[in-house]
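# Notes for the structure review
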Amino acid sequence: MQAFSDNLNIITKKIEQAAKKGGFDGSSVRILAATKSRQIEQICSLLSTGKVDAAGENRVQEFLGKYQPDITFDFIGRLQTNKVKYIIDKVRLIQSVDRENLLSEIDKQAAKHGIIADILIQINSGLEEAKGGIDVADTLSFAEKVQKFANIRLRGIMAVAPIASEVTLRKCFGDVYRAYRSLQKAYANIDYLSMGMSEDYELAVECGSNMIRLGRVLFEGEL
Ligand SMILES: *Cc1c(COP(=O)(O)O)cnc(C)c1O
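Now for a quick tour of the structure.

What counts and what doesn't
Residues numbered from 1 in each chain as written. Predicted model: local features only at pLDDT ≥ 70, side-chain atom pairs only at ≥ 80, totals over all residues. Heavy atoms only, no water. Phe/Tyr/Trp six-rings, centres within 6.5 Å; stacked < 30°, edge-to-face > 60°. Buried < 20%, exposed > 50% of the residue type's maximum accessible area, 1.4 Å probe, protein only. Helix = DSSP H or I, 4+ residues; strand = E, 2+ residues; numbered from the N terminus. Core = buried A, V, L, I, M, F, W, Y, C linked by side-chain atoms within 4.5 Å. Contact = heavy atoms within 4.5 Å. Axes fitted to C-alpha atoms, helices over the stretch in contact; angles between N-to-C directions. Parallel < 35°, antiparallel > 145°, perpendicular 65-115°, else oblique. Left-handed = near helix turned anticlockwise from the far one by under 90°. Nonpolar A, V, L, I, M, F, W, Y, C, P; charged D, E, K, R; others polar. Arc of directions from axis to C-beta. Salt bridge = Lys/Arg side-chain N within 4 Å of Asp/Glu carboxyl O. Pairing = 2+ DSSP bridges.

## Overview of the packing of aromatic side chains
Taken as a whole and judged by the stated rule, the model has five aromatic pairs. Residues Tyr67 and Phe73 carry aromatic rings whose centres are separated by 6.2 Å and whose planes lie at 45 degrees to one another, so their mutual orientation is tilted. You can call Tyr67 partly exposed: its relative accessible area is 26%.

## Overview of unusual backbone geometry
Look at Ser37: it is not a glycine, yet its phi comes out positive at around 65 degrees. If you trace the backbone, Ser37 turns up in the loop between β1 (30–34) and α2 (40–47). One non-glycine residue, Asn189, adopts positive backbone phi at about 65 degrees. The residue Asn189 is located in the loop between α7 (166–186) and β7 (192–195) in this model. Take Asn189: its relative accessible area is 46%, and that puts it in the partly exposed class.

## Description of the nonpolar core
Counting residues in hydrophobic clusters, the biggest one holds 64 residues, and the most contacted among them are Ile31, Ile94, Ile106, Ile119 and Leu218. Here Ile94 is in contact with Phe75, Leu79, Ile87, Ile88, Ile106, Asp118, Ile119 and Leu120, once residues within four sequence places are set aside. Listed in part, the 10 residues of the second largest apolar core include Ala54, Ile76, Tyr192 and Met211.

## Focus: the packing of helix α6 (residues 139–146) against α7
One can describe the packing of α6 onto α7 by two numbers: an axis separation of 10 Å at closest approach and a directional angle of 40 degrees. As judged from the angle between their axes, α6 and α7 are oblique. α6 and α7 meet at a crossing whose hand is right-handed. Here α6 contributes Thr139, Leu140 and Ala143 to the contact with α7, which in turn contributes Ala179, Ser182, Leu183 and Ala186. Of the residues that constitute the contact of α6 with α7, the class distribution is five nonpolar, two polar and no charged.

## Focus: α2
Helical geometry: 3.6 residues make up each α-helical turn, so side chains three or four residues apart lie on a common side. Considered for burial, the residues of α2 that qualify are Ile40, Ile43, Leu46 and Leu47. The arc enclosing the buried residues of α2, seen along the axis, measures out at 125 degrees, which places them on a common side.

## A few points about the pattern of salt bridges
Taken as a whole, this structure holds 21 salt bridges when the rule is applied. With a shortest N-O distance of 2.8 Å, Asp118 and Arg153 are connected by a salt bridge. Here Asp118 is found in strand β5 (residues 117–124), whereas its partner Arg153 is found in strand β6 (residues 152–160), with 35 residues between them in sequence. For Asp191, the salt bridge is made with Arg155, and the minimal N-O distance between the two is 2.8 Å. Note that Asp191 is positioned in the loop between α7 and β7 and Arg155 in strand β6, a separation of 36 residues in sequence. Judged by relative accessible area, Asp191 falls into the partly exposed class, the value being 35%. The exposure class of Arg155 is buried, given its relative accessible area of 16%. Look at the salt bridges and you will find they share partners, linking Lys21, Glu166, Arg170 and Glu206 into a network.

## Regarding the pairing of strand β8 (residues 211–214)
Residues in a regular strand point their side chains to alternate faces of the sheet. Where burial is concerned, the two faces of β8 agree: the one with Met211 and Arg213 and the one with Ile212 and Leu214 are both buried. For β1 and β8, the ladder comprises four bridges, and the chain directions are parallel. Following the sheet pairing, Arg30 is matched in β8 by Met211.

Spelled out as structure tokens, the structure:
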């Protein structure tokens, strides 16, 4: 608990500085805990600090084992269409949406439960084949496809960046930020730009991220 508070204090200061550098408001940056392979007790104690917005899980099986209704969870991992039904009513946001058949399944399951599913479009900034996500250049055309589905509400973008030099990362984050702004101009309710992890969250915040997904620096301290 003490360790979490110390880590969070350091992270919060860095967020403030980075946001200021980029001309953004640090207090509007949310921290999402990336909780894969972490125990539920640890997750609860981290969330009890009140400084972490929610927990993000990557694998359906693991998530269901940890799920409890009083914790806010997002889904941030690769999602198989046939598993949407297990998580649809248990998550705040599905951040990892990158395919049309996934959209239709989310829509179908949301309708079944009588809910509107909030989603983010996942962008693969480095266009790495092993990672999910669409090309940033396709953001608006994918967003248009989302509009067909009555039970889905688009809330923004989740970006996964490559491991790259600062120059390359800046370009990736800048491109994603511009795509996010163009979504905001085109649609209502666009308020999440989920971008930045332990390695690169300061740069992401400087480039306009308002949600950083942190695993290692939260649970283990600065790298
Ligand atoms: C694991 C994970 C993170 C956090 O990674 P760290 O390097 O531990 O901060 C963020 N986003 C996604 C999608 C992840 O799978």
